[in-house]
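An overview of the molecular structure
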Amino acid sequence: MHTDSASITRLAAKQEITEVLYRYCRGLDRMDRALADTVWHPDGTADYGPDYRGSAAGFLDFVWPYHAQLAGHSHLVSHPLVEVDEGAGTAASETYVSVWLRTHPADGLVTDLFHRGRYVDRWSRRAGVWAIDHRAYVGDLYREVTRSPEAVAPPSGRRDDTDPSYEVFR
């Protein structure tokens, strides 16, 4: 099998983009705003349907207080399909996302909210860095489950830089 330099460059770009997608999840789940801010270019935009349309920084401003008031959350991305136009320094991707959100106990119950959808992103490489120019979130499935707090195992992860992962990612 012959691998040319264009193929290697394209594969490297796809891996860099995939790692940005992972960084987005880490930034939200660890409540690491500085990390989340690296996912979009400064002039990037976000379309999350009727709830938010505007700048990417504005989206993070919008979603941050909501996530902060939750007991916990986990974002998982999978199946990234990435097409790169290395000559133009642009790319497009569709990535599946599963989001679990847990409320604090209220009225003796906790609620878990499950979202499944896709991130449809347009990318560009500027100054050697791949980041999102525009994201459209496409929601596919939603489920809400309410239960007693005793039925929920306590988490061992933390939503800040005291999480064990920061011991290895510094």
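Look up: the structure comes first, before these words.
Please read all numbers here as calculations on a predicted model, not as lab measurements.

Another aspect to go through is the pattern of salt bridges. A side chain of one charge can pair with a side chain of the opposite charge if their charged atoms are brought near each other. Scanning all chains against the criterion turns up 12 salt bridges. Where Arg125 meets Glu16, a salt bridge forms, and the shortest distance between an N and an O atom there is 3.5 Å. Within this pair, whereas Arg125 is found in strand E5 (residues 110–126), its partner Glu16 is found in helix H1 (residues 5–29), the two being separated by 109 residues in sequence. Arg126 serves as the salt-bridge partner of Asp133, at 2.7 Å between the closest nitrogen and oxygen. Among the charged side chains, a network of salt bridges with common partners joins Arg33, Asp37 and Asp61.

Evaluated as defined, the whole model comprises 11 aromatic pairs. When the centroid spacing of 5.7 Å and the interplanar angle of 85° are considered together, the rings of Tyr24 and Trp40 count as edge-to-face. Residue Tyr24 is located in helix H1, and its partner Trp40 is located in strand E1 (residues 40–47); the two are separated by 16 residues in the primary sequence. For the pair shown, Tyr24 and Trp40 are each scored as buried. Counting every residue linked through ring pairs, the aromatic cluster contains Tyr24, Trp40, Tyr48, Tyr52, Phe59, Phe62, Tyr119 and Tyr137. The cationic tip of Arg26 hangs over the ring face of Tyr166; the distance from NZ or CZ to the ring centre is 4.5 Å. A cation sits over an aromatic face here: Arg33 above Trp64, 5.7 Å from the ring centre.

Sheet topology note: the E1/strand E6 (residues 129–147) ladder contains four bridges and is parallel. The partner of Asp47 across the bridge, within E6, is Ala136. Where E1 lies against strand E2 (residues 53–55), three bridges are found, and the strand directions are antiparallel. Residue pairing in the sheet places Ala46 in a bridge with Gly54 of E2. Hairpin connection of E1 to E2: five residues between the antiparallel strands, including Gly49 at a positive phi of 75°.

This next bit is on the nonpolar core. Counting residues in each nonpolar core, the largest one holds 32 residues, and the members touching the most others are Tyr24, Trp40, Phe59, Leu60 and Trp123. For this core, the elements supplying multiple residues, two or more each, are H1, E1, helix H3 (56–68), strand E3 (72–85), strand E4 (90–102), E5 and E6. Among the elements that take part in this core, H1 stands out by supplying seven residues, more than any other. In this structure Trp40 touches Tyr24, Thr45, Ala46, Ala56, Phe59, Leu60, Ala131, Ile132 and Arg135, once residues within four positions along its chain are discounted.

The rules behind these values
- Residues numbered from 1 in each chain as written.
- Predicted model: local features only at pLDDT ≥ 70, side-chain atom pairs only at ≥ 80, totals over all residues.
- Heavy atoms only, no water.
- Salt bridge = Lys/Arg side-chain N within 4 Å of Asp/Glu carboxyl O.
- Helix = DSSP H or I, 4+ residues; strand = E, 2+ residues; numbered from the N terminus.
- Phe/Tyr/Trp six-rings, centres within 6.5 Å; stacked < 30°, edge-to-face > 60°.
- Buried < 20%, exposed > 50% of the residue type's maximum accessible area, 1.4 Å probe, protein only.
- Lys NZ or Arg CZ within 6 Å of the ring centre and 35° of its normal.
- Pairing = 2+ DSSP bridges.
- Core = buried A, V, L, I, M, F, W, Y, C linked by side-chain atoms within 4.5 Å.
- Contact = heavy atoms within 4.5 Å.

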